[in-house]
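Close look at the chain arrangement
So you can see what is in the structure, the chains are spelled out below.
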Amino acid sequence: LPPCNRLAMKIVIVSFEEDKESAEGLTRGFQSLGEEAQVIFPDTDTLLGAARIALHVPLKKVQALYWNAFKSRTNKKVLEEVRAAKPDAVISIGGEHLYAGTVEAMRQGGDIPVAAWVTGEPATLDPLDPYRWMNFSSYSHFFVVDELWGESLKLLPIPRASLPFAGNDEVFRPVSVSKDIKDIDVLFVGDLFPSHPHTASGYVRAKIL
């Protein structure tokens, strides 16, 4: 229904600081449609930052201990804030950071849709959490950045749709090239974060080639 004929949906977006720009862009997009959107960043306090520092300690058991504590703390914080917000829908950017039990609790028996915007290859192995892939099992919907990652999600009977990263005109600017654009068959554009390249870029380039 047009915004004037219905109440605005209340949407909660769960994002870690590393995906802050995506979360803020998604929030602005929903707000421009007349919806009520807010973001939860569960990894912003000092104690959780200490868990990330522990990942650089050259002791695997210490790393695993602190990383598991970090995830337990963030999952608890997300669940508390989502319950307090009483949303109509939840979107988790990434999706793998939330335990399946946390997602099930947020869905409240299926009354609330909780979607994962899958922004990385789901099958990528995390040595500190080898069962991370199963964290995707409780979502109601998937939005997938790269359609090739959908292969990793086929075993889960969950509806999925393509939702690639979109160009934000507040961040991206028209490409300037010295060569006549009509003579270019394929143009590769650099990553916004050179020090942390998105895996998606490699998959997309390989598919084009």
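So, a few notes on the structure that sits alongside this text. (Residues numbered from 1 in each chain as written. Predicted model: local features only at pLDDT ≥ 70, side-chain atom pairs only at ≥ 80, totals over all residues. Heavy atoms only, no water.)

**A few points about the overall build of the protein**
In plain terms, the rule: Runs of H or I in DSSP of at least four residues are treated as helices and runs of E of at least two as strands, each being numbered from the N terminus. Here the term buried applies to any residue with accessible area under 20% of the maximum for its type, exposed to any over 50%, and partly exposed to those in between, with areas from a 1.4 Å probe on protein chains only. Pairs of residues are marked as contacts when any of their non-hydrogen atoms sit within 4.5 Å. The accessible surface values rely on the Shrake-Rupley method and a 1.4 Å probe; as for residues, cover is taken only from the protein chains in view.
Along the protein, the regular secondary structure elements total five helices and six strands. From first element to last, N terminus to C terminus, the protein shows the α and β order β-α-β-α-α-β-α-β-β-β-α. Considering the protein as a whole, with its 209 residues, one finds that 35% of them fall into the buried category. Put simply, of all contacts in the protein between residues at least 6 apart along the chain, 64% involve residues at least 24 apart. When the accessible surface of the protein is summed, it comes to about 12800 Å², and 58% of that surface belongs to carbon and sulfur atoms.

**Thoughts on the pairing of strand β3 (residues 89-93)**
Here is the rule: Two strands qualify as a pair provided that DSSP identifies no fewer than 2 bridges between them. Looking down the strands as they point away from the viewer, one classifies a crossover as right-handed if the path from the first strand across the helix to the second runs clockwise.
For β3, the buried fraction is high: five of the five residues fall into the buried class. By the alternation rule, side chains of β3 split into Ala89, Ile91 and Ile93 and Val90 and Ser92, which are all buried. Here four bridges tie strand β1 (residues 10-14) to β3, and the two strands are oriented parallel to one another. By the bridge assignment for β3, isoleucine 11 is matched with alanine 89. Bridge count for β3 against strand β4 (residues 114-118) is four bridges, and the pairing is parallel. Bridging across to β4, isoleucine 91 finds its partner in alanine 115. Handedness of the crossover joining β3 and β4 through helix α4 (residues 100-107): right-handed.

**Points about the nonpolar core**
For soluble globular proteins, nonpolar side chains are generally found buried alongside one another. For clarity, the threshold we go by: Each nonpolar core is a collection of buried residues, namely Ala, Val, Leu, Ile, Met, Phe, Trp, Tyr and Cys, held together in the definition by side-chain atoms within 4.5 Å.
Formed by 35 residues in total, the largest nonpolar core has its most connected members in Val82, Val90, Met106, Tyr139 and Phe142. Of all elements in the fold, only β1, α1 (20-32), β2 (36-40), α3 (60-85), β3, α4, β4 and β5 (141-144) reach the threshold of two or more residues within this core. For this core, the leading source of residues is β4, giving five residues.

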